[in-house]
Amino acid sequence: MSIQHFHSMCNRHMGRPVEIRTRDGRFHRGIIRHVSPSKVYLDPIGPRRGGFGYGFGGFGYGLWGFGWGIALGFIAGVSLLLWW
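Small disclaimer: the values here were computed from a predicted structure and weren't measured. Throughout, a residue's number is its position along its own chain's written sequence, starting from 1. In keeping with the model being predicted, local features are shown solely for residues with a pLDDT of at least 70 and side-chain atom pairs are shown and tallied solely at 80 or more, while totals for entire chains, interfaces and linings include all residues. Side-chain numbers here rest on the full set of heavy atoms in the structure, without hydrogens or water.

## Quick word on the sheet that holds strand β1 (residues 17-22)
Moving on, step 1. Being paired, for any two strands, means DSSP has found at least two bridges between them. A run of DSSP states H or I qualifies as a helix once it reaches four residues; a run of E qualifies as a strand once it reaches two. Both are numbered from the N-terminal end. As summarised here, the arrangement of the 5 strands in space is β4-β3-β2-β1-β5, forming an open sheet in which the pairing is antiparallel. In this open sheet, the two strands that pair with only one neighbour each are β4 (68-71) and β5 (75-80). Across this sheet, the average inter-strand angle for adjacent strands is 45 degrees, counted without regard to direction.
Moving on, step 2. Sheet topology note: the β1/β5 ladder contains 5 bridges and is antiparallel. Considered in β5, the bridge of I20 is made with V78.
Moving on, step 3. Note on definitions: a residue-residue contact is assigned when non-hydrogen atoms from the two residues lie within 4.5 Å. With axes taken as lines fitted to C-alpha atoms, and helix axes fitted only over the stretch in contact, angles between N-to-C directions fall between 0 and 180 degrees. Each of β2 (27-35), β3 (39-44) and β5 touches helix α1 (residues 3-12); the most contacted strand, β5, lies at about 25 degrees to it.

## Describing the nonpolar core
Moving on, step 1. One finds I20, I32, V40, L42, I70, I75 and V78 to be the most contacted residues of the largest nonpolar core, which totals 14 residues.
Moving on, step 2. The element best represented in this core is α1, accounting for 3 residues. As used here, the term nonpolar core means buried Ala, Val, Leu, Ile, Met, Phe, Trp, Tyr and Cys residues forming a set that is joined through side-chain atoms within 4.5 Å. Each residue's exposure class comes from its accessible area (1.4 Å probe, protein chains only) as a fraction of the maximum for that residue type: buried when under 20%, exposed when over 50%, partly exposed otherwise.

## Some words on the environment of K39
Moving on, step 1. Looking at where K39 falls in the secondary structure, it is placed in strand β3.
Moving on, step 2. Separated by 32 residues in the primary sequence, K39 and H7 place their C-alpha atoms 8.1 Å from one another.

## A look at α1
Moving on, step 1. Listing the buried residues of α1 in full gives F6, M9 and C10. Down the axis of α1, the sector holding all buried residues measures 95 degrees, keeping them to one side. Residues Q4 and R12 are exposed on α1 and point more than 90 degrees away from its buried face. The arc under discussion is defined with respect to the helix axis, by the directions toward the C-beta atoms.

## Looking at the pattern of salt bridges
Moving on, step 1. Whenever Lys or Arg places a side-chain nitrogen within 4 Å of a carboxyl oxygen from Asp or Glu, that contact is recorded as a salt bridge. What the rule picks out here adds up to 2 salt bridges.
Moving on, step 2. The partner of R29 in a salt bridge is E19, with the nearest N and O atoms 2.8 Å apart. Of this pair, R29 sits in strand β2 while E19 sits in strand β1, and the two are 10 residues apart along the sequence.
Moving on, step 3. For R29, a relative accessible area of 25% corresponds to the partly exposed category.
Moving on, step 4. Its relative accessible area of 18% is what places E19 among the buried residues.
Moving on, step 5. Two residues, R33 and D43, come together in a salt bridge whose shortest N-O distance is 2.6 Å. Note that R33 is positioned in strand β2 and D43 in strand β3, a separation of 10 residues in sequence.
Moving on, step 6. We classify D43 as buried; its relative accessible area is 15%.

As structure tokens, this is what we get:
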């Protein structure tokens, strides 16, 4: 799917919990807080994944305090979570 598809989908579901699968097979759960032209920013939810925290880098809150950013071009799928 295209970057525009994921950008539009993430904008429509701002504030909702999602699970994002990336092209390397990793899964990231969080609430969509911000969508830029190139990334979607999530506030993490659920258990920690890995030694340093959540998702990419896992260093807590990034740019503008929106959690971590995932490049839209690296996303393979987005699923809405009905519960978390």
